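# Structure at a glance
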Amino acid sequence: MEPLSLSLSLFSLSFLLFFSPSLSTNSEGNALHALRSKLSDPTNVLQSWDPTLVNPCTWFHITCDSNSHVIRLDLGNSNISGSLGSELGELKHLQYLELYRNEISGPIPKELGDLKNLVSMDLYDNKFEGEIPKSLANLKSLRFLRLNNNKLTGSIPRELTTLSDLKVFDVSNNDLCGTIPVDGPFSTFQMESFANNRLNGPELKGLAPYDFGC
């Protein structure tokens with residue numbers, strides 16, 4: 001390789017290495033700003049979410065790691081309403097999604113299944129409707145999934161039984177139907193986790209389809 005070409009290649013590499021973190025955090029900031037545009041915020045808890053900043057790490061209710069990646073979104077009990085969109089799937093480093101005790105409605109975006117580092121998802125005490133996305137089975141690090149006190153319908157996806165690290169699962173007080181899974185971590189969950197739905201009790205394998213009664 002000629003010296004000029006080599007110099008240009010090294011320069012391009014240095015450019016990418018230098019700017020990659022800011023590009024990543026910028027995309028996270030764009031995703032969060034898109035989320036803000038879908039939410040009603042009467043008490044201005046999102047006032048600090050300034051899209052002109054290089055990254056969102058200085059915004060209230062956002063926690064970043066040492067590489068300026070967003071790892072926590074804490075908007076529990078914030079008096080916000082509106083809906084969630086696919087943009088949340090861009091927060092690839094997110095570990096904690098805390099949106100409990102609000103008035104958020106609409107479906108749970110299937111793109112939340114792209115958050116491979118997620119440990120905790122708390123969406124309880126909202127107005128979410130529609131089915132639990134099967135894509136949540138992609139969240140292999142997930143330990144806490146609380147969807148209780150919403151308006152969710154359909155059956156509990158059997159794909160969720162593959163989440164071997166899941167310690168807490170609560171879908172009580174929805175409008176779910178079908179049977180309760182018994183495989184994987186579901187063998188350890190208390191029946192209170194499924195209360196006040198239209199569920200038919202633990203699945204009897206081979207005797208009835210899992211969506212029996214839906």
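Below or above, wherever it landed, is the structure these notes cover. (Residues numbered from 1 in each chain as written. Predicted model: local features only at pLDDT ≥ 70, side-chain atom pairs only at ≥ 80, totals over all residues. Heavy atoms only, no water.)

Take the pattern of salt bridges next. Scanning the entire structure with this criterion turns up seven salt bridges. Salt-bridge contacts for Lys110 lead to Glu111; the nearest nitrogen and oxygen are separated by 3.1 Å. Glu111 sits in the partly exposed class, given a relative accessible area of 21%. Asp122 is paired through a salt bridge with Arg146; the nearest N and O atoms lie 2.8 Å apart. (Salt bridge = Lys/Arg side-chain N within 4 Å of Asp/Glu carboxyl O. Buried < 20%, exposed > 50% of the residue type's maximum accessible area, 1.4 Å probe, protein only.)

Turning our attention to the state of the cysteines. Working definition: the covalent bond between the sulfur atoms of two cysteines is a disulfide. Taken as a whole and judged by the stated rule, the model has two disulfides. Paired through a disulfide, Cys177 and Cys214 show a sulfur-sulfur distance of 2.1 Å. On the sign convention where negative is left-handed, the bridge of Cys177 and Cys214, at about 105° about the S-S bond, is right-handed. Within this pair, whereas Cys177 is found in strand E12 (residues 175-180), its partner Cys214 is found in the segment after strand E13 (198-202), the two being separated by 37 residues in sequence. Here Cys177 falls in the buried class, since its relative accessible area comes to 3%. For Cys214, a relative accessible area of 56% translates into the label exposed. Along the protein, the cysteines engaged in disulfide bonds are linked according to the scheme 1-2, 3-4 when indexed in sequence order. (Disulfide = S-S within 2.5 Å. Helix = DSSP H or I, 4+ residues; strand = E, 2+ residues; numbered from the N terminus.)

So, about the packing of aromatic side chains. Geometry of an aromatic ring pair is reported as the spacing of the ring centres plus the angle between the planes. Going through the model one piece at a time under the given rule, you end up with seven aromatic pairs. Both rings, one in Phe169 and one in Phe189, keep their centres 5.8 Å apart while their planes meet at 25°; by these two values the pair is stacked. Note that Phe169 is positioned in strand E11 (residues 168-170) and Phe189 in the loop between E12 and E13, a separation of 20 residues in sequence. For Phe169, a relative accessible area of 1% translates into the label buried. (Phe/Tyr/Trp six-rings, centres within 6.5 Å; stacked < 30°, edge-to-face > 60°.)

So, on to the environment of Cys64. Structurally, the position occupied by Cys64 is in strand E2 (residues 62-64). Counting along the chain gives 29 residues from Cys64 to His93, while the straight-line C-alpha distance between them is 9.2 Å.

Moving on: unusual backbone geometry. Even without glycine at this site, Asn77 takes up a positive phi of about 55°. Looking at the element boundaries, Asn77 is found in the loop between strand E3 (70-74) and strand E4 (81-83). Looking at Asn77, the relative accessible area reads 57%, which means it is exposed.

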